[in-house]
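Here is what each chain is made of, one letter per residue.
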Amino acid sequence: MQYSVSSRTAINSKITMANCTGTITVTSQDDIDNSPLAKCSDPLLVVEVHNSNGTLNFPSITQAQRIDIHDCPQLESVDFPDLTFLNALNVTQTPALTQISFPKLVSPSDGMKGFDFAMVINKAPALTELISANISAVSYVEIFDTGFQFFHEGSYNALGLNEVRHASIIVSDACIYFAGMQSVQNFSISGPNACPEAASALTTVENFTWTNAISEGDYDKNSVSLFQINGSLVLEATEFQERGHVDLWRALSAGDQVNITANRNADIDLSQLATVGSTMRIQNNTNCTFNLDKLSAGQDIYMLDNMDTVLPALPGLQSADNIHFRGIISTSSGPNIFPFLKYVSGTVTIEAWNNDFDCSKLVSLQRDHIIHNLICNGTNGTQNITNSLPGASPSSSGLMASSWAGIGIGIAVVVIGVAVTLFWRTRRHYRRKLQDMTDKKRTSSSSMNVPREGLWASALVGLIEAEGRGVVRELPEDYIREMHVPPAELPAHHLSPTHELAGSIRAM
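Reading the values: rules and limits
Going along each chain's sequence as written, the residues are numbered from 1 onward. Reporting in this predicted model follows two pLDDT cut-offs: at least 70 for local features of residues, and 80 or more for side-chain atom pairs to be given and counted; totals over whole chains, interfaces and linings ignore these cut-offs and use all residues. Based on all heavy atoms of the structure, the side-chain values leave hydrogens and waters out of the count. Here pLDDT means the predictor's own confidence in every residue, given as a number from 0 to 100. Residues count as neighbours in contact if any of their non-hydrogen atoms are within 4.5 Å of one another. In short, DSSP must find at least two bridges between two strands for them to pair. Per the convention used, a helix needs a DSSP run of H or I reaching at least four residues, while a strand needs a run of E reaching at least two, with both numbered from the N terminus. Convention adopted: a line fitted to C-alpha atoms gives each axis, helices being fitted over their contacting stretch, and angles between N-to-C directions are expressed from 0 to 180 degrees. Any carboxyl oxygen of Asp or Glu within 4 Å of a side-chain nitrogen of Lys or Arg constitutes a salt bridge here. With a 1.4 Å probe rolled over the protein chains alone, any residue whose accessible area is under 20% of its type maximum counts as buried; one over 50% counts as exposed, and the rest are partly exposed. For our purposes a nonpolar core is just a set of buried Ala, Val, Leu, Ile, Met, Phe, Trp, Tyr and Cys residues, chained together by side-chain atoms within 4.5 Å. Here a pair means two rings of Phe, Tyr or Trp (six-membered ring of Trp) with centres within 6.5 Å. Their orientation is stacked below 30 degrees between planes, edge-to-face above 60, and tilted elsewhere. Here the term patch refers to residues with relative accessible area over 30% and no salt bridge, with like charges joined within 9 Å and nonpolar side chains (Val, Leu, Ile, Met, Phe, Trp, Tyr) within 5 Å. Using a 1.4 Å probe, the Shrake-Rupley method yields the accessible areas, and only the shown protein chains count as cover for residues. Any pair of nitrogen or oxygen atoms within 3.5 Å is treated as a polar contact; in protein, a donor-acceptor pairing is required on top of that, and neighbouring residues in sequence qualify only through side-chain atoms on both sides.

Asker: What exactly am I supposed to notice about the confidence of the model for the protein here?
Answerer: Detailed reading of the predicted coordinates is not advisable wherever pLDDT falls low. Here the protein averages 78 in pLDDT, while 70% of its residues score no lower than 70. Low confidence marks residues 152–157, where pLDDT is under 50. Its contacts with residues over four positions away, or in another chain, come to 5 contacts. Within the model, pLDDT remains below 50 along residues 494–508, and this stretch shows 0 contacts once partners closer than five positions in the same chain are excluded.

See below:
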């Protein structure tokens, strides 16, 4: 349902103190003063202001769901002196607007649930004052193309959000001073006037993104706090015409990724960054410097294809999964670019564009089992060295091609040796059995006094005649039988004829 204050008949018939839940459109102060709107207030009320001029004052509205102010080329100021509850403020296309005021707007007490204040201000280049002193939490703040552009002492209270302690999302191209801001889930700023130092009390950020970070804010570093990034840190698309400085020294750690890409002529200060939970990627920057002196641990650290840029040594680095540098490697501190390194579980790859980079210290670290795999193309370098550490399980990419060839040849030799040995033993076994069986056959054939049925009929299951040829088959296990043994002595009477013959011969 939408009500237009310009139609006074419609207002008198449809808007009452009991029914202020529709959208009310305002084009002038007369629409506010001479209608029930002057007494209408409801948490579900939506006020739409457009095509208005000069100044608008809403003296009696204390609650509203949303206030939209748009397409008002001559509107100069808007005041809600008694407004205490508001869910959303949207302002756009108001080139002459200089001030928005709701001085009594507060964050909810325990009895007011569901407060979720959001503010979007776009294309209001003259806006320099937003008066609201009692809000402590906001869900969403988006400010682009406004008069909140410069960081200086006189603009600290201009936005009127000094009491805000927590925010879900802040997106801005302005130097907005959040004096009490302590935590932000997603903090994204861009443009030449953005300045993270304006959130001087910030201690925790979930994700921080800074695009086109051309900021020349002059501030006291002792007056701002360091902050921890639980998620990702992104710095991108910053291009100085000559030389510029990017202050990210307040960042202590990043729980997820760090991406620094497509920046030019920038001195990037990350001098307090100590740990990176995932990948750090510094890539496709031109003529930049990086201060990472305190970085001690990261998962994967990549510095790739940065033109006219000297990649820094990492003097504080102690551990990483993988490291890959491709570019001009710093030689100012000698060949030891990781002097405090304790362990790299994966691969360190160095593709130096400068011929004077010396790999000897990295080779030494690899031999000391500090670097597991190493690829370094500088002087005194090596294409690929892999450690075999106790208990380590290197990936296949860590072995050279010659290693795999040696392993293959060794396996082939072992397999062939085993096959030849089995063949020789098997052949020898069957030859022995055949010889034994042949010998037994000959022995049995020469023993003619042994009845066939005594030995061969029961023991030899195997001599079969086929076309005149004998076929030998294996005898059963119990083929041995006791052979018949003839008497050792002849009968006593077998010499009698002999004795008689001898006596006859002597008588003759």
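Past the structure itself, the notes keep going.
Asker: In this structure, what is going on with the sheet that holds strand E10 (residues 129–131)? I would like to understand it.
Answerer: Within a sheet, neighbouring strands are paired by backbone hydrogen bonds and run either parallel or antiparallel to one another. Strands sit in the order E4-E6-E8-E10 across an open sheet of 4 strands; the sheet is parallel. Strands at the two margins of the open sheet, each flanked by one partner only, are strand E4 (53–57) and E10. Within the sheet, the average angular offset between the axes of one strand and its neighbour, ignoring direction, is 15 degrees. Summarising the sheet, strand E8 (residues 99–101) and E10 pair through 3 bridges and their orientation is parallel. From the neighbouring strand, Ser101 faces E10, where its bridge partner is Ile131.

Asker: Even after reading the chapter, I still don't get the pattern of salt bridges, so can you show me in this structure?
Answerer: Pairing of side chains with opposite charge becomes possible as their charged atoms draw close. Applying the stated criterion across every chain, the model contains 5 salt bridges. In this structure, Arg66 and Asp68 form a salt bridge, with 2.8 Å as the shortest nitrogen-oxygen distance. Owing to a relative accessible area of 31%, Arg66 belongs among the partly exposed residues under this scheme. Judged by its relative accessible area of 14%, Asp68 falls in the buried class. One connected set of salt bridges, linked through shared partners, spans Asp305, Arg326 and Glu351.

Asker: It is not clear to me how unusual backbone geometry should be interpreted in this structure. Could you clarify?
Answerer: Leaving glycine aside, a negative phi is the common case for residues, and trans is the common case for peptide bonds. Positive phi, close to 55 degrees, is recorded for Asn51, a residue that is not glycine. Relative to the helices and strands, Asn51 is located in the loop between strand E3 (46–50) and E4. Of note in the backbone geometry, Asn212 takes a positive phi value of approximately 55 degrees without being a glycine. Topologically, Asn212 is positioned in the loop between strand E14 (204–211) and strand E15 (227–229).

Asker: Explain the nonpolar core here, please?
Answerer: Buried together is how nonpolar side chains tend to be arranged in soluble globular proteins. Of all hydrophobic cores here, the largest spans 102 residues; its most connected members are Phe58, Leu292, Phe325, Phe338 and Ile350. The leading source of residues in this core is strand E28 (residues 343–352), at 4 residues.

Asker: Explanation requested: the packing of aromatic side chains in the structure shown.
Answerer: Aromatic ring pairs: the centre-centre distance and the angle between the two ring planes describe each pair. With the rule as written, the count across this model stands at 5 aromatic pairs. Taken together, a centroid distance of 5.9 Å and an interplanar angle of 75 degrees make the contact between Phe325 and Phe338 edge-to-face. Note that Phe325 is positioned in strand E27 (residues 322–329) and Phe338 in the loop between E27 and E28, a separation of 13 residues in sequence. Grouped by ring-pair contacts, the aromatic residues Phe187, Phe208 and Phe227 constitute a single cluster.

Asker: What is the right way to read a nonpolar patch on the surface from this model?
Answerer: On the surface, a nonpolar cluster with roughly 270 Å² of combined accessible area is contributed by Ile407, Ile411 and Val415. In this fold, Val415 is placed in helix H4 (residues 401–446). Val415 sits in the exposed class, given a relative accessible area of 52%.

Asker: Mind showing me how you'd approach the sheet that holds strand E17 (residues 239–247) here?
Answerer: Across the sheet, which stays open at both edges, the 3 strands sit in the order E17-E20-E23 with parallel pairing between neighbours. The outermost strands of the open sheet, each flanked by one partner alone, are E17 and strand E23 (289–291). Strand-to-strand, the axes of this sheet are offset by a mean angle of 10 degrees, without reference to chain direction. Sheet topology note: the E17/strand E20 (residues 264–269) ladder contains 5 bridges and is parallel. By the bridge assignment for E20, His245 is matched with Asp267.

Asker: How should I be thinking about the environment of Asn230 in this particular structure?
Answerer: Take Asn230: it is sitting in the loop between E15 and strand E16 (233–236). Assessed through its relative accessible area of 33%, Asn230 is described here as partly exposed. Sequence separation of Asn230 and Val205 is 25 residues, and the distance between their C-alpha atoms is 6.3 Å. Every residue in contact with Asn230, bar those within four places of it in the chain, is listed here: Thr204, Val205, Glu206, Gly255 and Asp256. One polar contact links Asn230 to Gln228, side chain to side chain, over a distance of 2.9 Å.

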